[in-house]
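Spelled out from the first residue to the last, the chains are:
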Amino acid sequence: MVRFDVFTLFPGMFDGPLGDSIVSRAVRAGLVSWQAHNIRDYATDKHHVTDDLPYGGGGGMVMKAEPLVRAVESVVEDRGSPDVEVLLLTPQGDRLSQALARRLSNRRRLALICGRYEGVDERVPQLLEARPVSIGDYVLSGGELAAMVLIEVVARLVPGVLGDPDATFEDSHSEGLLEYPHYTRPAEFGGISAPDVLLSGNHAQVYRWRRQQSLRRTLLRRPDMLDRARLDDADRDYLAELRRNLDEESQR
Ligand code: 6GU
């Protein structure tokens, strides 16, 4: 069971994406729970102000420390516990990866702070010992979409959330490589046939073909992943052959 507490100025954004599909099924099965908390509710001044001008000048607004720290401290009362972690969604953070998601899925409780505007007062992550997390090298208007991505990625890793244990096995087996291409009926469509090997019923050949397709795709699209992938001797031989063929093609 993992519990997510999201701190945001736009709690309404979460209902749609998290109310459908995998995450909602996981919630109904009692494997995951989430709640979005409006930071404005924790501002004590008359107008519930949550942002202010940056010290030192410059453009934009900064999210105030006080309401945010009060929000997280009132909701996440067990913040000191080792199975609780506070995350700050920001483009300056550590990049979210499957490996980080797996580590986070072992926590009992995650607090997610969604930044907006130019950023969050630096004392927020400092006081809450929040880990900064980004979902990639591009700029979103706020951390909300990033928080939803993180929740979906982590929720899928909670034991029991994915229905098909075969799919999980396959995922972990081909870990570190891109997936092979998929086909379903009809055998021919738009003048293009599904590869014969997939219709052959020969499981060993199907396995070999898929593995080689995964290696080929990874080499062509994400060669950086091959440095970290778990490869056996047959994989390395196949990659060497592919590289030789590509070199020959480029010399023609
Ligand atoms: Cl976590 N926040 C924002 N504002 N932009 C991002 C991001 C987060 N991750 C990638 N871009």
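This structure is a prediction, so every number in the text was calculated from the model and none was measured. (Residues numbered from 1 in each chain as written. Predicted model: local features only at pLDDT ≥ 70, side-chain atom pairs only at ≥ 80, totals over all residues. Heavy atoms only, no water.)

We now examine the overall build of the chain. From N to C terminus, the chain includes 10 helices and 10 strands. Taking 2.2 N^0.38 as the reference for a compact globule, 252 residues should give roughly 18 Å; the C-alpha atoms of the chain span a radius of gyration of 23 Å, well beyond that estimate. Each principal axis of the C-alpha atoms in the chain carries an extent, and together these give about 70 × 45 × 40 Å. Taken across its 252 residues, the chain has 39% of its residues classed as buried. The long-range share in the chain, meaning contacts at least 24 apart out of those at least 6 apart in sequence, stands at 76%. Accessible surface computed for the chain: about 15,300 Å², of which carbon and sulfur atoms make up 50%. Looking at the chain, you have 32 positive and 39 negative side-chain charges, and the mean spots of the two groups are 1 Å apart. (Helix = DSSP H or I, 4+ residues; strand = E, 2+ residues; numbered from the N terminus. Rg over C-alpha atoms; globule rule 2.2 N^0.38 Å. Buried < 20%, exposed > 50% of the residue type's maximum accessible area, 1.4 Å probe, protein only. Contact = heavy atoms within 4.5 Å. Areas by Shrake-Rupley, 256 points an atom, 1.4 Å probe, with all protein chains shown as cover. Lys, Arg positive; Asp, Glu negative; His and termini not counted. Charge placed at Lys NZ, Arg CZ, Asp CG, Glu CD.)

As a further point, take the site of the ligand. Residues in contact with the ligand, as listed here, are L89, T90, P91, V133, S134, I135, G136, Y138, L140, G142, G143 and A146. One of the side-chain N or O atoms of S134 is found 3.4 Å from a nitrogen atom in the ligand. In this structure, Y138 approaches the ligand through a main-chain N or O atom, which is 2.6 Å from a nitrogen atom. Contact with the protein chains removes 96% of the 290 Å² of surface that the ligand exposes when unbound. Residue assignment for the shell around the ligand shows that the elements contributing at least two residues are β5 (84-95) and β8 (131-134). Looking at the shell around the ligand, its residues break down into seven nonpolar, five polar and no charged. (Near = heavy atom within 4 Å. Polar contact = N/O pair within 3.5 Å; in protein donor to acceptor, adjacent residues only side chain to side chain. Nonpolar A, V, L, I, M, F, W, Y, C, P; charged D, E, K, R; others polar.)

Turning to the nonpolar core, a few remarks are in order. Core analysis: the biggest nonpolar cluster contains 29 residues, and F4, F14, L112 and L150 have the highest contact counts within it. Elements with a minimum of two residues in this core: β1 (2-8), α2 (21-28), β2 (32-38), β5, α4 (98-104), β6 (109-114) and α6 (144-155). Looking at which element gives the most residues to this core, the answer is α6, with seven residues. V69, V84, V86 and L128 belong to the second largest nonpolar core, which has 20 residues in total. (Core = buried A, V, L, I, M, F, W, Y, C linked by side-chain atoms within 4.5 Å.)

A few words on the packing of helix α9 (residues 203-221) against helix α10 (residues 233-251). It is the contact of α9 with α10, at a shortest axis distance of 10 Å, that shows an interaxial angle of 50 degrees. Comparing their axes, α10 and α9 come out oblique. Crossing hand, α9 versus α10: right-handed. Of the residues in α10, those in contact with R211, Q212, L215, R216, L219 and L220 of α9 are D235, Y238, L239, L242, R243 and L246. For the contact of α9 with α10, a count of residues per class yields seven nonpolar, one polar and four charged. (Axes fitted to C-alpha atoms, helices over the stretch in contact; angles between N-to-C directions. Parallel < 35°, antiparallel > 145°, perpendicular 65-115°, else oblique. Left-handed = near helix turned anticlockwise from the far one by under 90°.)

Moving on, we get to a nonpolar patch on the surface. Together, F10, M13, Y138, L140 and L145 make up a nonpolar patch on the protein surface, roughly 430 Å² of accessible area in all. Examined against the element boundaries, Y138 turns out to sit in the loop between β8 and α6. (Patch = residues over 30% accessible without salt bridge, like charges linked within 9 Å, V, L, I, M, F, W, Y side chains within 5 Å. Salt bridge = Lys/Arg side-chain N within 4 Å of Asp/Glu carboxyl O.)

With that out of the way, let us pick up the domain arrangement of the chain. Examined at the domain level, the chain breaks down into domain 1 (2-155) and domain 2 (188-251). Centre-to-centre separation of domain 1 and domain 2, based on C-alpha positions: 40 Å. (Domains from an automatic or database assignment.)

Right, let's get into the pattern of salt bridges. In the structure shown here, the tally under the stated rule is 18 salt bridges. D78 serves as the salt-bridge partner of R109, at 2.8 Å between the closest nitrogen and oxygen. Residue R109 is found in strand β6, and its partner D78 is found in the loop between α3 (65-75) and β5; the two are separated by 31 residues along the sequence. Where D94 meets R131, a salt bridge forms, and the shortest distance between an N and an O atom there is 3.2 Å. Taken together, the residues span a long stretch of sequence, with D94 in strand β5 and R131 in strand β8 at a distance of 37 residues. Using a relative accessible area of 37% as the deciding quantity, one classes D94 as partly exposed. Assessed through its relative accessible area of 26%, R131 is described here as partly exposed. Shared partners join several salt bridges into a network, and the residues in it are R3, D5, E77, D78, D83, R108 and R109.

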